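As a plain string of letters, each chain reads:
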Amino acid sequence: MIRSIIFIAMWLMSGLALARTTFQVSGNVKSAGGEALSFANIFLYKSSDSTFYKAAAADTDGKFLIDDVESSSYYLKVSSVGYEDFFTPPFVINKENPAVSFSDISLKESATQLQGVQVTAKKPFIEQHLDKMVLNVENSISASGSTALEILEKAPGVIVDRQNDQIRIRNKSGVVVMIDGKINYMSSEALAQYLGNLPSDQIASIEIITNPSSKYDAAGNSGIINIRLKKNQIYGTNGTVSASAGTGILENSTKDLYRGNTNLTLNHRNARWNLFGNAGTGRNRWYNDNHFWRTLYFENTRTDFDQYTQRIGGGEFYYAKLGADYFLTEHTTIGLQADYNLWNGAMNSKGLTGVDRMTGGETVTTSLIPGSSRTMGNRNFSSNFSIRHKVEEKEISFDLDYSGYRNTSDQVFTNKYYSQAATPDSVTRQWIIQPTNINIYSAKLDFTVPFENKLKLDFGAKTTFVDADNNFTYQDFLESGWQRNLNRSNHFQYKENINALYTSAGYQKGKWSLQAGLRAEHTVSDGNSITLDLRNKRSYLNVFPTGFVNYKLSEDHALKYAYSRRIDRPNYDNLNPFIFYLDPYFYVMGNPGLRPQFTNSNEMTYSYKGEYSATLAYADTRQMINEVIIQDAKTGTNISQNQNIARLKSYSAVFSVPLKINNWWSSQNNFNVFHNRYTDNNLSGNPLNNSGFIFGLNTTHTLTLPDSWSAEVNYWYYSPGIFGVFRQTKAQHSFNPGIQKTFPGKKAKLKLNVNDLFLTSFFQGYVDNGDVNLKISNRWNARRIALTFTYNFGNQNVKSVNRSTASEEAKKRAGGGNG
């Protein structure tokens, strides 16, 4: 299928020489005194119905350009903080009048302009769009010195479950994490490591999309998180250098929680080329501890376990990215980019497990002191080739992608068993080696065709091939030395091919905007456990409809309805029928019989002035993939395994309220209410009927202070709730303040921020289902302080029109989504 897509793409590209004139609007903005108004906001509206069309920001000289404008009648709204809004008369753009220029647009000072305070325009940390939420990481104070995982903790409606290395949106799992529009294929643990080492210096923004259109892959039960890395598009030669240093602060942990990173970004652009790249290095350290209490009954014996484990780890990371865009014509761009990420780390753990066995009136007490040392390494690399041709609103794009993941883990366990003696009764040692190799190849072709009657058609095709190999080796230390345990070793290979076709049609008339789409995906998979001689082949075809309806009630009020059907396929590590040893009393087991989960999602959103919004959502998920705890009462062993829960009904209400308190103080406030209900008549031999509410709050305040100082304060809160078989008993919340100094010339900035100042984000909960009675307490180095310095050099003035990055999606499920 790849050859067919390439042939069609090249054939169509050759026929797109019918270049048409690019329509554009330009101008410059000044104050009444004749001074250029840097970063003034320019909004382009259609004069027929006052619908918003495009926007731009003026450069430091007050100049602006809005390109790729379709033939129609428009007017401009120009605004800048401290000045009154300015509206142009209506104007027409067409073949006879392809370019409209406004010279010296003059804005009058507002009568309420703040005295004594310098106001600088910048995007807020959180922006609520009709189709997505955007976290503007690049200029955020509270995000500086953080990692991608820590930033996501501050996102409204996003829950980071550090207990299970899982990310949830609106308390639903099945999140697809994308990097620059490409789906990742890392395991849940590897993804958590990657996001935990990805510094904010690399990130421009994070998009959270709860109801994607049919143009996106159908994967993602609860939505998509797309992390956009920085890519400079300024003309000339320029760059940014940054450095960050910080530490975690946590009592009864470890002294070394120091972290830091340096980053260099370079860009050169002229009329034909845009060359870009960045590189960096850093170190990270972490700490977490788990405390489990559980009771089990077998025959006439009750056994109480008190398990405590500490894990201390860290590593060094290196990354590099290099790319080039060649502007073949004013309409056609050829792009090539490659990136490489390397992380090497180590982790040591120690603990204490107390065991009380009570039979009749007699109690026998024993204990276990487990310990382990682990070395880990992750190498991720990818490349992309793209061709894009755009004339007005017509566009064709073609992408080829390759991604590779090389993950290694080498861990030695030592377990000392005690009764009443001071010396151990016995000592056991285990050695686990787990290399994982994943290769992903994909090709994608997309078309966008507008029509004169405001009808717009999108269609395309995509094919993806995945080849994963995991050779899990388990060895016991016996008298004769290390000996392979064939019962616990496993060599697992997985191959998958997904071929997809999609189409989407949009239509606008008056106050109505309609869009309907359909995506078909054919999946062929082959999971082969060579050691167990167990093979699981599957082939299935699914269709995924989407629908969106917008209705503009009036100039300030609008309604939107969205529907989508989505799928979550099991992660590759979850399909591997291995048994991963955590300690003698706790295992993780794969499940080759795990089936995909399917979700029908509905949303209704009311918006006011395009800023305030209220959303009601309902999602119905069948065969929900979720972690389940299984207990072997005879041996006292707990086994964690992902299984299919028959049904999840999820209800949510989300309110977004931005407030501008005065000219120097603004805030973005989000309120969330979730209700989940999990049901299954037979989950590991027990019925399940768990339901409950979660209440959430996320508020970010931005303050512009005198003498080029600014501050940002973020606070988030989630009440106790449920997730599958787990029930949370303690609310989680975090207070995250930060302050910034901008130096003269605005090229250098110094940021200081603190994360979880009062250490209130720890997890406590329990599992009480069937014969499993388990209490959990988890701590980690959540409180962190970081100092970040950034300096921009070279030409920073005239910005080009941004174009979308290469492929819109390419990688997911060797993990990170289903948990």
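Enquirer: What exactly am I supposed to notice about the side chain of threonine 332 here?
Expert: Locating threonine 332 in the fold gives a position in strand S21 (residues 332-359). With a relative accessible area of 8%, threonine 332 lands in the buried category. At 2.4 Å, the side chain of threonine 332 and the side chain of histidine 389 are in polar contact.

Enquirer: Is there a simple way to explain the packing of aromatic side chains in this structure?
Expert: All chains considered together, the criterion is met by 24 aromatic pairs. On the basis of an interplanar angle of 15° and a centroid distance of 6.4 Å, the ring pair of tyrosine 340 and phenylalanine 381 is categorised as stacked. In this pair, tyrosine 340 is assigned in strand S21 and phenylalanine 381 in strand S22 (residues 362-391), connecting sequence segments 41 residues apart. Its relative accessible area of 35% is what places tyrosine 340 among the partly exposed residues. Ring geometry for tryptophan 716 against tyrosine 718: centres 6.0 Å apart, planes inclined by 45°, an arrangement best described as tilted. Just as tryptophan 716 is buried, tyrosine 718 falls in that class too. Three or more aromatic residues joined by ring pairs make a cluster, and in this case those are Tyr53, Tyr74, Phe91 and Phe102.

Enquirer: So what exactly am I meant to see when it comes to the sheet that holds strand S8 (residues 99-107) here?
Expert: Across a sheet, strands are paired by hydrogen bonds formed along the backbone, either parallel or antiparallel in direction. The mixed open sheet is built from 3 strands, whose spatial order is S4-S1-S8. This sheet does not close on itself; its edge strands, each paired only once, are strand S4 (63-69) and S8. Taken over all neighbouring pairs, the strand axes of this sheet differ in orientation by 15° on average, direction set aside. With 5 bridges connecting them, strand S1 (residues 23-31) and S4 associate as antiparallel partners.

Enquirer: Explain the nonpolar core to me, please; I cannot follow it from the model alone.
Expert: For soluble globular proteins, the rule of thumb is that nonpolar side chains tend to be buried together. Leu152, Ile167, Leu195, Ile203, Ile206, Ile225 and Ile227 are the most contacted members of the largest nonpolar core, which has 27 residues in total. Elements that contribute at least two residues to this core include exactly strand S10 (133-135), helix H2 (148-152), strand S11 (158-161), strand S12 (166-169), strand S13 (175-179), helix H3 (188-197), strand S15 (203-209) and strand S16 (223-229). At 4 residues, H2 tops the list of elements feeding residues into this core. Beyond its immediate stretch of four places on either side in the chain, leucine 152 contacts Val158, Val160, Ile167, Leu195, Ile206 and Ile225. Counting residues in hydrophobic clusters, the runner-up holds 25 residues, among them Ile645, Tyr678, Leu683 and Val725.

Enquirer: Would you mind going over unusual backbone geometry with me for this structure?
Expert: For residues that are not glycine, phi is negative in most cases, and the peptide bond is trans in most cases. Positioned with a positive phi, asparagine 252 is a non-glycine residue whose angle comes to about 55°. With respect to the secondary-structure elements, asparagine 252 resides in the loop between strand S17 (236-248) and strand S18 (258-269). What makes asparagine 252 exposed here is its relative accessible area of 65%. Not every positive phi belongs to a glycine, and aspartate 707 is a case in point at roughly 60°.

Enquirer: Would you take a moment to explain the environment of arginine 565 for this structure?
Expert: Looking at the secondary structure, you find arginine 565 in strand S31 (residues 557-568). Those residues in contact with arginine 565, other than ones at most four positions away along the chain, are Asn542, Val543, Phe544, Pro545, Phe598, Thr599 and Asn600. At 2.9 Å, the side chain of arginine 565 forms a polar contact with the backbone oxygen of valine 543.

Enquirer: What should I look at first to understand the pairing of strand S36 (residues 637-662) in this one?
Expert: Across a regular strand the side chains alternate sides, sitting on one face of the sheet and then on the other. Note that strand S33 (residues 586-589) and S36 share 4 bridges and pair parallel. Looking at the pairing, methionine 589 lines up with glutamine 641 of S36. Pairing geometry for strand S35 (residues 612-632) and S36, over 19 bridges, is antiparallel. Looking at S36, one finds that serine 613 is bridged to serine 656. A loop of 4 residues connects S35 with S36, the two strands running antiparallel in sequence, and glycine 636 in this loop sits at a positive phi of about 80°. With 15 bridges connecting them, S36 and strand S37 (residues 665-683) associate as antiparallel partners. Counted as the bridge partner of phenylalanine 655 is phenylalanine 671 from S37. From the end of S36 to the start of S37, which pair antiparallel, there are 2 residues.

Enquirer: Before we go on, may I ask you to explain the confidence of the model for the chain in this structure?
Expert: The predicted coordinates of low-pLDDT regions are not to be read in fine detail. Summarising the model, the chain shows a mean pLDDT of 84, and 88% of its residues fall at 70 or more. Note that residues 5-21 has pLDDT below 50 and, in this model, 29 contacts with residues that lie over four places away or in other chains.

What counts and what doesn't
- One numbering rule holds for all chains: residues counted from 1, following each sequence as written.
- The predicted nature of this model means local features are confined to residues of pLDDT at least 70 and side-chain atom pairs, given and counted, to a pLDDT of 80 or more, with totals for whole chains, interfaces and linings taken over all residues.
- Hydrogens and water are ignored here; the side-chain numbers use all heavy atoms of the structure.
- Elements are defined by DSSP. Helices are runs of H or I of four residues or more, strands are runs of E of two residues or more, and each kind is numbered from the N terminus.
- Exposure classes here rest on a 1.4 Å probe applied to the protein chains alone. A residue is buried below 20% of its type maximum, exposed above 50%, and partly exposed in between.
- N or O atoms within 3.5 Å of each other form a polar contact, as long as, within protein, one can give a hydrogen and the other can take it, and as long as residues adjacent in sequence are counted only when both atoms are side-chain atoms.
- In summary, the pairing rule links any two rings of Phe, Tyr or Trp, Trp by its six-membered ring, whose centres are within 6.5 Å, and it sorts them by plane angle into stacked for under 30 degrees, edge-to-face for over 60 and tilted for everything else.
- The pairing criterion is simple: DSSP has to find at least two bridges between the two strands.
- Axis angles are defined between N-to-C directions and span 0 to 180 degrees, where every axis is a line fitted to C-alpha atoms and, for a helix, only to the segment in contact.
- Note on terminology: a nonpolar core comprises buried Ala, Val, Leu, Ile, Met, Phe, Trp, Tyr and Cys residues joined through side-chain atoms within 4.5 Å.
- Contacts are assigned to residue pairs with any non-hydrogen atoms lying within 4.5 Å of each other.
- You can read pLDDT as the predictor saying how much it trusts each residue, on a scale of 0 to 100.

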